[in-house]
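For reference, the chains in residue letters:
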Amino acid sequence: MFEAIKVVDGKPFALTRHLNRLARSAAALGLPEPDDELFRSAVAEVLAQEQLPLGRLRITYTGGPAELGSGRGDVTPTTVVVADVMNAAPETTAVVRVPWPRNERGAMAGVKSTSYAENVVALAEAARYDATEAIFENLAGHLCEGTGTNVGYVVDGEVRTPTLGSGCLAGVTRALLLEWYDVVEVDEPISVLDSADEIFLMSTTRDVQGVHRIDGRELPAPGPLTRALVELWSAKEAEHPDP
Ligand SMILES: Cc1ncc(COP(=O)(O)O)c(C=O)c1O
């Protein structure tokens with residue numbers, strides 16, 4: 001499994017939440033519990049190599065070498081930590097819905113595993129329409145998430161996002177916004193996006209990003225509530241590196 005972590009002024013943002021999620025993903029895959037201190041010192045060592053005003057860290061944690069086949073093996077896990085510069089995401093973007101559902105009942109639902117081939121295919125489909133994110137429904141036909149983002153939207157002045165029961169990843173950005181703002185968690189048919197007044201994406205690499213086009217529909221973006229969330233995010237991010 002892996003984690004992508006934002007680096008702000010050379011420091012990892014929300015590292016504790018990311019390490020906690022890594023531990024949850026490891027448990028879901030039956031891997032040994034990651035050594036928190038080892039990960040923290042590896043992250044510090046990597047970040048000490050290069051001054052990154054804005055960057056992203058990637059921690060990958062695997063079962064280590066194993067026999068051919070799908071057996072897990074029982075050797076020491078492999079850990080890789082890399083960092084790179086990151087450009088701030090544009091204020092708004094375009095998205096498309098894709099026809100392949102997320103399986104909210106699957107063993108890997110909500111786990112940040114490295115098996116991202118479905119995301120690769122969906123993102124390539126989005127690129128065909130000049131969009132930067134693909135939005136999935138789940139098997140129930142409800143809105144789920146993007147390939148690397150959680151989705152929020154506004155209906156009747158209410159900011160909403162799918163529940164974790166939808167099979168979406170428990171995004172760190174999503175979790176923080178749920179704590180900081182009045183966001184309603186609800187599962188609804190993906191068609192709710194046809195009439196939503198605002199749509200936005202939430203993720204480590206995009207923070208809060210307005211959506212100005214979904215499929216063929218143009219939206220004013222960022223809308224007023226999306227803008228409020230963007231401002232809230234930058235204020236809170238500056239307040240604490242590990243909220
Ligand atoms: C499938 C998926 N959903 C949502 C997210 C957003 O999570 P976070 O806010 O922790 O970056 C990610 C992040 O990479 C993701 O891979």
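See the structure shown above.
Residues numbered from 1 in each chain as written. Predicted model: local features only at pLDDT ≥ 70, side-chain atom pairs only at ≥ 80, totals over all residues. Heavy atoms only, no water.

Observations concerning the environment of Val211
Here is step 1 of the chain: Along the chain, the position of Val211 falls in strand β12 (residues 207–214).
Here is step 2 of the chain: Those residues within four positions of Val211 in sequence are excluded, and the remaining contacts are Thr93, Val95, Ile199, Phe200, Leu201, Leu219 and Ala221. (Helix = DSSP H or I, 4+ residues; strand = E, 2+ residues; numbered from the N terminus. Contact = heavy atoms within 4.5 Å.)

Quick look at helix α2 (residues 36–48)
Here is step 1 of the chain: With 13 residues, α2 should cover 18 Å at 1.5 Å per step; its first-to-last C-alpha distance of 18 Å lies within 8% of that length.
Here is step 2 of the chain: Residues of α2 that are buried: Phe39, Val43 and Leu47. Mapping the buried residues of α2 onto a view down its axis gives an arc of 65°, with all of them on the same face. Exposed side of α2, more than 90 degrees from the buried face: Glu37, Glu45 and Ala48 are the residues found there.
Here is step 3 of the chain: Residues of α2 that are buried sit in contact with β1 (2–8), β2 (11–12), α1 (15–29), β3 (54–62) and β4 (78–85).
Here is step 4 of the chain: For α2, the side-chain oxygen to backbone nitrogen distance between the N-cap and Glu37 is 3.1 Å, and the N-cap itself is Asp35. (Expected span 1.5 Å × (residues − 1). Buried < 20%, exposed > 50% of the residue type's maximum accessible area, 1.4 Å probe, protein only. Arc of directions from axis to C-beta. Polar contact = N/O pair within 3.5 Å; in protein donor to acceptor, adjacent residues only side chain to side chain.)

Here we look at the site of the ligand
Here is step 1 of the chain: Near the ligand lie 17 residues; those nearest to it are Lys112, Tyr116, Glu145, Thr173 and Thr204.
Here is step 2 of the chain: Glu145 is positioned such that a nitrogen or oxygen atom in its side chain is 2.8 Å from a nitrogen atom of the ligand.
Here is step 3 of the chain: Alone, the ligand offers 390 Å² of accessible surface; in the complex the protein occludes 95% of this.
Here is step 4 of the chain: For the shell around the ligand, the secondary-structure elements that each account for two or more residues are β7 (143–146), α4 (172–180) and β11 (198–203).
Here is step 5 of the chain: Here the residues of the shell around the ligand are counted per class, giving 4 nonpolar, 9 polar and 4 charged. (Near = heavy atom within 4 Å. Areas by Shrake-Rupley, 256 points an atom, 1.4 Å probe, with all protein chains shown as cover. Nonpolar A, V, L, I, M, F, W, Y, C, P; charged D, E, K, R; others polar.)

Digging into the sheet that holds β1
Here is step 1 of the chain: Spatially, β2-β1-β3-β4 is the arrangement adopted by the 4 strands of the open sheet, whose pairing is antiparallel. Since the sheet does not close on itself, it has two edges, and those belong to β2 and β4, each with one partner.
Here is step 2 of the chain: Here β1 runs beside β2; their pairing, made up of 2 bridges, is antiparallel. Its bridge partner being in β2, Val8 is matched across the sheet by Lys11.
Here is step 3 of the chain: Sheet contacts for α1: β1, β2 and β3; angle to β1, the most-contacted strand, approximately 175°. (Pairing = 2+ DSSP bridges. Axes fitted to C-alpha atoms, helices over the stretch in contact; angles between N-to-C directions.)

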